[in-house]
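# Survey of secondary and tertiary structure
So you can see what is in the structure, the chains are spelled out below.
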Amino acid sequence: DAGVTQSPTHLIKTRGQQVTLRCSPKSGHDTVSWYQQALGQGPQFIFQYYEEEERQRGNFPDRFSGHQFPNYSSELNVNALLLGDSALYLCASSLLDEQYFGPGTRLTVT
Amino acid sequence: SQKIEQNSEALNIQEGKTATLTCNYTNYSPAYLQWYRQDPGRGPVFLLLIRENEKEKRKERLKVTFDTTLKQSLFHITASQPADSATYLCALDIFSNSGYALNFGKGTSLLVTP
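Summarised in this report is the structure supplied together with it. No experiment lies behind these values; they were computed from the predicted model shown.

## Side note on the state of the cysteines
- Tallied over the full model, the rule gives two disulfides over all chains.
- A sulfur-sulfur distance of 1.8 Å marks the disulfide that ties A:Cys23 to A:Cys91. Across the S-S bond linking A:Cys23 and A:Cys91, the dihedral sits near -55 degrees, which makes this disulfide left-handed. Of this pair, A:Cys23 sits in strand E3 (residues 19-24) while A:Cys91 is found in strand E9 (residues 87-94), placing the two residues 68 residues apart along the sequence.
- According to the relative accessible area criterion, A:Cys91 is buried, its value standing at 0%.
- Disulfide pairing places B:Cys23 opposite B:Cys90 at an S-S distance of 1.9 Å. Residues B:Cys23 and B:Cys90 share a disulfide whose torsion about the S-S bond is about -55 degrees; that sign makes it left-handed. Residue B:Cys23 is found in strand E3 (residues 19-26), and its partner B:Cys90 is found in strand E9 (residues 86-93); the two are separated by 67 residues along the sequence.
- Given the relative accessible area of 0%, B:Cys23 is considered buried.

Rendered as structure tokens:
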């Protein structure tokens, strides 16, 4: 059984560009959450998707948007990239209250 | 605002000893608290969950306590091994048990030396 997978592994973008990150949840999991982890910090909750709807949202600007597909996979989109968006982006899937994290996508904005 | 604080300094202990990590929180009434392990360059791995009505929980060499009066959780690793070296993260539910969204502390780095 594959765990949570994310793509790409690494990404380098320029300020002002847009980026799309992808996540496939663990088999049978219907809820996907996205987190941003800056270096030396704990993960910060961005938003959560359930039944293709954004269910909860953290304190992130509208430049951060997402989508969940019928197969429960999810995308995170970030527009108008800033240098401060450089971080490890983590996807987590859950069925109940235990979350399974993917390996993350390392985004570098130059 | 909601705040989670973990030991700010790295914890260095000798193999075989018990490691104790602290998580304090303010402006929260969490339904549960979770502990995760994170290795460099990897996503967090779930270790234990303890609910507000539970005082203590154990799993193999791990033990977690949860004091909602003190607003504190302690995480113990007994008979520590070098393989236990990692960053340990404390997390609380953000929206009062709705949706399982988590707020994490910064983590405590644990180094176990032989």
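## Section: the sheet that holds strand E8 (residues 74-78) of chain A
Residues and elements named next belong to chain A.
- If you walk across this open sheet you meet the four strands as E1-E3-E8-E7, and the pairing is antiparallel. Pairing within the sheet leaves two strands with one partner each, and these edge strands are strand E1 (5-7) and strand E7 (64-68). For this sheet, the mean angle separating the axes of adjacent strands, direction not counted, is 20 degrees.
- Pairing of E3 with E8, which is carried by five bridges, proceeds in the antiparallel orientation. Within E8, the residue paired with Arg-22 across the bridge is Glu-75.

## Focus on the sheet that holds strand E7 (residues 62-67) of chain B
Residues and elements named next belong to chain B.
- Spatial ordering of the open sheet is given by E1-E3-E8-E7-E6, a layout of five strands whose pairing is antiparallel. A single partner strand is all that each edge strand has here, and the edge strands are strand E1 (3-6) and strand E6 (56-59). Between one strand and the next, the sheet's axes are offset by a mean angle of 15 degrees, whatever the strand orientation.
- Note: E6 against E7, four bridges, orientation antiparallel. Pairing of Glu-56 across the sheet is with Thr-65, part of E7.

## Focus: the interface of chain A and chain B
- Contact with chain A, which involves 21 residues of that partner, is made by 23 residues of chain B.
- Note on chain A versus chain B: buried area summed over both sides is about 1,700 Å², and carbon and sulfur give 52% of it.
- Considering only the surface of chain A that becomes buried against chain B, A:Gln56, A:Asp97 and A:Phe101 emerge as the three largest contributors, covering 30% of it.
- Our enumeration of links across chain A and chain B arrives at zero salt bridges.
- Along the contact surface separating chain A from chain B lie two residue pairs in polar contact (both at pLDDT 80 or more).
- For the side of chain A that touches chain B, the elements supplying multiple residues, two or more each, are strand E4 (31-37), strand E5 (44-50), strand E6 (53-57), E9 and strand E10 (99-101) of chain A.
- Among the residues forming the side of chain A that touches chain B, the class breakdown is eight nonpolar, nine polar and four charged.

## Comments concerning unusual backbone geometry
- Here the amide bond leading from A:Ser7 into A:Pro8 is cis, since omega sits at -10 degrees, within 30 degrees of zero.
- With respect to the helices and strands, A:Pro8 occurs in the loop between E1 and strand E2 (10-13).
- The backbone of A:Tyr72 shows a phi angle near 80 degrees, a positive value even though the residue is not glycine.
- Relative to the helices and strands, A:Tyr72 is located in the loop between E7 and E8.
- Phi at B:Glu60 takes a positive value of approximately 55 degrees, unusual for a residue other than glycine.

## Examining the side chain of A:Ser33
Residue and element names in this part refer to chain A.
- Residue placement: Ser-33 occurs in strand E4.
- For Ser-33, a relative accessible area of 0% corresponds to the buried category.
- Reaching out from Ser-33, the side chain makes a polar contact with the side chain of Gln-48 at a distance of 2.9 Å.
- Among residues more than four places away in sequence, those in contact with Ser-33 are Phe-45, Phe-47, Gln-48, Leu-90, Cys-91, Ala-92 and Gln-99.

Conventions and cut-offs
- Residues numbered from 1 in each chain as written.
- Chains lettered and ligands numbered in written order.
- Predicted model: local features only at pLDDT ≥ 70, side-chain atom pairs only at ≥ 80, totals over all residues.
- Heavy atoms only, no water.
- Disulfide = S-S within 2.5 Å.
- Helix = DSSP H or I, 4+ residues; strand = E, 2+ residues; numbered from the N terminus.
- Buried < 20%, exposed > 50% of the residue type's maximum accessible area, 1.4 Å probe, protein only.
- Pairing = 2+ DSSP bridges.
- Axes fitted to C-alpha atoms, helices over the stretch in contact; angles between N-to-C directions.
- Contact = heavy atoms within 4.5 Å.
- Buried area = accessible area lost by both parts, 1.4 Å probe.
- Salt bridge = Lys/Arg side-chain N within 4 Å of Asp/Glu carboxyl O.
- Polar contact = N/O pair within 3.5 Å; in protein donor to acceptor, adjacent residues only side chain to side chain.
- Nonpolar A, V, L, I, M, F, W, Y, C, P; charged D, E, K, R; others polar.

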